[in-house]
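Per-entry structural report
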Amino acid sequence: MEKSGKKCGLFYIEKEKRRMNKWKRPQGKTAEWQFAKTVNKKEEDMKTIIAEKPSVAREIARIVGATKREEGYFEGGGYAVTWAFGHLVQLAMPDGYGVRGFVRDNLPIIPDTFTLVPRQVRTEKGYKPDSGVVSQIKVIKRLFDTSEHIIVATDAGREGELIFRYLYHYTGCTTPFVRLWISSLTDKAIREGLRKLEDGSKYDNLYLAAKARSESDWLVGINGTQALSIAAGHGTYSVGRVQTPTLAMVCERYWENRRFTSEAFWQLHIATDGCDGEVVKFSSSEKWKEKEPAMELYNKVKAAGCATVTKAERKEKTEETPLLYDLTTLQKEANAKHGFTAEQTLEIAQKLYEKKLITYPRTGSRYIPEDVFAEIPKLLAFIGTQPEWKDKVRAKAAPTRRSVDDGKVTDHHALLVTGEKPLFLSKEDNTIYQMIAGRMVEAFSEKCVKDVTTVTAECAGVEFTVKGSVVKQTGWRAVYGEEKEEITIPGWQEGDTLTPKGSSITEGKTKPKPLHTEATLLSAMETAGKEIEDDALRQAMKDCGIGTPATRASIIETLFKRGYMERCKKSLVPTEKGLALNSVVKTMRIADVAMTGEWEKELARIERGELSDDTFRKEIEAYTREITSELISCDKLFGSRDSGCACPKCGTGRMRFYGKVVRCDNTECGLPVFRLKAGRTLSDDEIKDLLTEGHTKLLKGFKSKQGKSFDAVVAFDGEYNTTFVFPEAKKDKKFSGRKK
């Protein structure tokens, strides 16, 4: 545990509070001038404020009156306001411990103590410290060492805390620090946060959870990746504590979808007169898998002259207002409704936060506390002044309280707009902003109340049902005009006789679960793979999910960057590389979604002070030894044979068959050629044609993503990517086609 300077920090907080209580604004002076004048009285001690980004530092510097720009910081009125660029300091790679990577005998690599180094960049000669990062660290160290106090203003969350603590440790700093903990970057929020600075030690457990997460990801990721890559004997196969279970969910859904066998079914329908001349359509309660018995019953129904009501139920149904957005729910709905990626939504939300338009985006809570609820009428009134929400906000109505619960607010409350005017936003930025504003209007509106009627009738021995509803109170459904078209059912009673006006039989087919989209994958990550539609139950499962609201988008992007999956419209489709990796690890603990969910739960316990980080570390070390041994023994699964062909790219290596991929055995080249192309697997002879001639013969049996069959030649392009060349193009001697 690092020195937190608790005594000095508390003294400093009380001193700042006393100064602020004496504040009286001179006539004609701005709030910024007054705040700077009050907080920045010249004193012997100089204070350094560190923000996570330059843009945030600039806003804080303006508030405290640090107006002089220096190299790497702002200065003025007794303050220096500096910044990081995200993580300036990171855990060293294996060579930082004198261990050569990707050597079987060196695994597992488990440092006694982790070493911190400046952020690295990749060069032709390997990794080296980023020069810009090193320069900024020097600036920060000098400011830290010459300050009486440090005010930590990195993002108020797990990663923001880690960014500062890693810097603090790396620079060997012992200066006492206090914490600025705010949920928005409005001037008001910054001022209030500076008046309510908290001792840094209050966030020790948050740091320990962040540190445990960082080190466990290093241990599992570094050792797992190196072990599997050594076993494969070619290329790099990246695995990770969260990314591998996430890939497993994508692959599992893919195979479930592809292996699904659709079955036909038949259903009967009758129609009768309803209210005001409208037709009411009943459907049979049963569906038949065989056509003959369905047709036999259909003929009886068709010949019948009446149907008898056997049951009529009427009840009032209340639809509760939706909860406010947390980050994951915002990402899911932005993907489902607007096609935004999870990463795109997070980037936009962060941008809106830095523009002071919304509250802190990386929140995992969908609730607000009582003190924030007091501000809601004013915020709703502000939303009502915007053209998008004109007439949608009821001016004098008291907001409902479903999203208000102090006990369910963690580090940050649910997403809200701040009341700052959203000027000059791009189309995409405005879409996310208006989603948050619209959800606020929905969340604080009245419930939607409906009268729901279900009627069951019997005709020729077949049971039919129909369901209808009438909206009594539209409530929150009116915000987006989502109230469904009403189906009014006459006041039929049990025993009533109905006269069918027509009958029909329809054929349908069972459908598989669709491939994952980013929206459904985020839901699966949130609940450790359990499919939960109910808001409240999903909220209760969050501690067991994998990843956090702040990291799930980056995990998904990592799977794209490493070539494990790709987007096909909105669907997520695993690549051959992703399927190959999953086929090797799917039965191992590294792909176990539930186990990873339990780890996330334990990290949350560390954060709450209920579990020692040392206990968690020992558990992860034991697991690392187990998974390293398990993965490195997978060499039999990566067995290879010589193709008999030299590598067409480097000319020195030999192309070897590895199951679904053919790869150059020259490690500096490693040219891969995947067998599976558009639903068709290339034979050994076809692969050899490609390797020796640069193209195959005309091949049949490929299938497009739309399911249409086509014929094509498979050829190399100038960079040795495979492309399809179509017969028309071949006649013109053009080897151009789409990459595959």
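Our structure is the block above this text.
Across the two faces of strand β29 (residues 722-725) the burial is the same, with Thr 722 and Phe 724 and Thr 723 and Val 725 all buried. Across four bridges, strand β28 (residues 709-716) lies against β29 in antiparallel orientation. Bridge pairing links Val 714 to Phe 724 in β29. Taken together, β28 and the strand that follows it, β29, pair antiparallel across an intervening segment of five residues, in which Tyr 720 is found at a positive phi of about 65°.

Moving on, we get to empty space enclosed by the protein. Under the counting rule described, the total for this entry stands at one cavity of 30 Å³ or more. The volume enclosed by the largest cavity comes to roughly 80 Å³. Contributing to the lining of the largest cavity are Val 56, Ile 60, Ala 153, Thr 154, Asp 155, Ala 156, Leu 180, Ile 182, Leu 185 and Tyr 353. Looking at side-chain class alone, the lining of the largest cavity contains eight nonpolar, one polar and one charged residues.

The strand order across the open sheet built from three strands is β27-β28-β29, with neighbouring strands paired in antiparallel fashion. Unpaired on one side and paired on the other, β27 (699-703) and β29 mark the two borders of the sheet. Put simply, the sheet's adjacent strands are angled 60° from each other on average, direction ignored. Sitting on the sheet, helix α21 (residues 684-693) is in contact with β27, β28 and β29, with an inclination near 45° to β28.

So, on to the packing of aromatic side chains. Evaluation of the coordinates by the stated rule reveals 20 aromatic pairs. Relative to Trp 218, the ring of Tyr 97 lies with its centre 5.9 Å away and its plane at 80°, an arrangement referred to as edge-to-face. Here the residue Tyr 97 occupies a position in the loop between β5 (89-91) and β6 (116-118), and Trp 218 occupies one in helix α7 (residues 204-232), the gap between them amounting to 121 residues. Trp 218 gets classed as buried once you look at its relative accessible area, which sits at 7%. In this structure, Arg 439 is placed above the aromatic ring of Tyr 325, and the distance from its NZ or CZ to the ring centre is 4.3 Å.

Rules of the game
- Position numbers for residues start from 1 in each chain and track the written sequence from start to end.
- For this predicted model, a pLDDT threshold of at least 70 governs which residues receive local features, and a threshold of 80 or more governs which side-chain atom pairs are given and counted, while totals over whole chains, interfaces and linings are taken from all residues.
- Water and hydrogen atoms were dropped before computing side-chain values, which therefore reflect all heavy atoms in the structure.
- Note on exposure labels: buried denotes an accessible area under 20% of the residue type's maximum, exposed denotes more than 50%, and partly exposed covers the range between, all computed with a 1.4 Å probe on protein chains only.
- Each helix is a run of DSSP H or I of at least 4 residues and each strand a run of E of at least 2, with the numbering of both proceeding from the N terminus.
- Only when DSSP finds a minimum of two bridges between them are two strands counted as paired.
- Grid points spaced at 1 Å over the protein atoms alone were grouped into cavities, where a 1.4 Å probe fits but cannot get out, and pockets, open sets with protein on both sides within 12 Å along at least five of seven lines, with lining residues defined by an atom within 4 Å of a point.
- Grid points are joined across faces, edges and corners, and a volume is the space filled by probe spheres set on the points.
- Charged residues are taken to be Asp, Glu, Lys and Arg, nonpolar residues to be Ala, Val, Leu, Ile, Met, Phe, Trp, Tyr, Cys and Pro, and polar residues to be all remaining types, Gly included.
- Here, axes are lines fitted to C-alpha atoms. For helices the fit covers the stretch in contact, and angles between N-to-C directions go from 0 to 180 degrees.
- Contact criterion: two residues are considered in contact whenever any of their non-hydrogen atoms come within 4.5 Å of each other.
- The aromatic pairing rule takes the rings of Phe, Tyr and Trp, using the six-membered ring of Trp, and pairs them if the centres are within 6.5 Å, calling planes under 30 degrees apart stacked, those over 60 edge-to-face and the rest tilted.
- Whether a charge sits over a ring comes down to the Lys NZ or Arg CZ being within 6 Å of the ring centre and within 35 degrees of the ring normal.

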